[in-house]
Amino acid sequence: MKILIINGPNLNLLGVREPSIYGSRGFESYLDELRKTYPNVDIEYFQSNHEGSIIDEIHRVGFSYDGIVLNAGAYTHTSVAIADAISAVTTPVVEVHISNVHRREEFRHHSYLSAVCMGVICGFGLNSYRLGVEAIIDNNNKTK
Ligand code: DQA
């Protein structure tokens, strides 16, 4: 199984950025743990602060991988272009957020991505990514 985790803008600063909201753990150390939890799953990771690069990455894997776990950061609330990229590919995408966006500012309550994703997970800290991986594994087992 091949899964790609994509982190969008400002998520390269996890561990440093607003720790009261996003926690104090860096993503790389979390990723090591996640890979150990799923030794039979190939978990790739990509982070970019640029909308077009995220779209290119969705196109690159979107017809061959088993799933994408996407935290598009603030682009979640602004990007029709990322939503179109998700619609264009066949690989299922799970939208994830570290924080519970519905408990935060109103502009974070709307996502352009949710309607074109397989599902949404938010508010479980870094565990949101593990739950996203679980959802893809589950979906993969069902479609076999
Ligand atoms: C986020 C929530 C977004 O509203 C915010 O812009 C982020 C991170 C989250 O993981 O909680 O950058 O996607």
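The present account deals with the structure reproduced in this document. Note that the structure is a prediction, hence the values are computed from the model and not measured.

Another point: the site of the ligand. Taken together, Arg17, Tyr22, Asn71, Gly73, Ala74, His77, His97, Ile98, Ser99, Val101 and Arg108 make up the full set of residues near the ligand. With respect to the ligand, the side chain of Arg17 contributes an N or O atom lying 3.1 Å from an oxygen atom. The contact in question runs from an oxygen atom of the ligand to an N or O atom on the side chain of Arg108, over 2.9 Å. Compared with its free state, where it exposes 320 Å², the ligand has 99% of that area covered by protein. Comparing atom positions with the cavity grids shows the ligand to sit within the largest cavity. Across the shell around the ligand, the residue classes tally to 4 nonpolar, 5 polar and 2 charged.

Between its terminal C-alpha atoms helix H5 (residues 127-143) stretches 25 Å, which fits the 24 Å expected from 17 residues at 1.5 Å a residue. Within the span of H5, buried status applies to Ser128, Tyr129, Gly132, Val133, Ile136, Ile137 and Asn140. On the buried face of H5, the contacting elements are strand S1 (2-7), helix H2 (27-37), strand S3 (67-71), strand S4 (93-97) and strand S5 (119-122).

In this section: helix H4 (residues 80-88). Taken together, the buried positions of H4 are occupied by Ile82, Ala83, Ala85 and Ile86. When H4 is viewed along its axis, its buried side chains cluster within an angular range of 160° and face the same direction. With a side-chain oxygen positioned 3.4 Å from the backbone nitrogen of Ala81, the residue opening H4 is Ser79.

On to unusual backbone geometry, then. What is expected of a backbone is that most residues other than glycine have negative phi and most peptide bonds are trans. In this structure, Asn10 is a non-glycine residue whose phi angle is positive, near 75°. Take Asn10: it is sitting in the loop between S1 and helix H1 (19-22). Using a relative accessible area of 36% as the deciding quantity, one classes Asn10 as partly exposed.

Turning our attention to the sheet that holds strand S2 (residues 42-47). Read across the open sheet, the 5 strands follow the order S2-S1-S3-S4-S5; overall the sheet is parallel. Every other strand in the sheet has two partners, leaving S2 and S5 as the edge strands with one partner each. Strand-to-strand twist in this sheet, taken as the mean axis angle between neighbours without regard to direction, amounts to 20°. Sheet topology places S4 next to S5; 4 bridges connect them, and they run parallel. The residue bridging Glu95 from the neighbouring strand is Val120, located in S5. This element, H2, spans S1 and S2 of the sheet and lies at about 165° to S2. Docked against the sheet, helix H3 (residues 51-61) engages S1, S2 and S3, running at close to 175° with respect to S1.

Quick notes on the rules
- Each residue is numbered by its place in its chain's sequence as written, counting from 1.
- Residue-level local features of this predicted model are given only where pLDDT is at least 70; pairs of side-chain atoms are given and counted only at 80 or more, and the full residue set underlies all totals for whole chains, interfaces and linings.
- Computation of side-chain values: all heavy atoms of the structure, hydrogens and water removed.
- Only a single heavy atom is needed: when it lies within 4 Å of a molecule or strand, its residue is near that molecule or strand.
- Two N or O atoms count as a polar contact when they lie within 3.5 Å, although within protein this holds only if one can serve as hydrogen donor and the other as acceptor, and sequence-adjacent residues are included solely when both atoms are side-chain atoms.
- Per-residue accessibility takes into account occlusion by the displayed protein chains alone, with areas from the Shrake-Rupley method and a 1.4 Å probe.
- Using a 1 Å grid laid over the protein atoms alone, points where a 1.4 Å probe fits but cannot get out form a cavity; open sets with protein on both sides within 12 Å along at least 5 of 7 lines form a pocket; any residue with an atom within 4 Å of a point counts as lining.
- Think of it this way: if more than half of a molecule's atoms are within 2 Å of a pocket's grid points, that molecule is in the pocket or cavity.
- Only Asp, Glu, Lys and Arg are considered charged in this grouping, and only Ala, Val, Leu, Ile, Met, Phe, Trp, Tyr, Cys and Pro are considered nonpolar; every other residue, Gly among them, is considered polar.
- Helix numbering and strand numbering both begin at the N terminus, where a helix is a DSSP run of H or I of at least 4 residues and a strand a DSSP run of E of at least 2.
- Expected helix span is taken as 1.5 Å per residue step, with the number of steps being one fewer than the number of residues.
- Think of it in three bands: residues with accessible area under 20% of the maximum for their type are buried, residues over 50% are exposed, and the middle band is partly exposed, with areas taken using a 1.4 Å probe on protein chains only.
- Throughout, a contact is declared for two residues whenever any of their heavy atoms are within 4.5 Å.
- Note that the arc is computed from the directions linking the helix axis to the C-beta atoms.
- One bridge is not enough; two strands pair if DSSP finds at least two bridges between them.
- For helices, the axis comes from a line fit to the C-alpha atoms of the stretch in contact; other axes are also lines fit to C-alpha atoms, and the angle between any two N-to-C directions lies between 0 and 180 degrees.

Everything listed here is a matter of geometry and, on its own, says nothing about what the molecule does.
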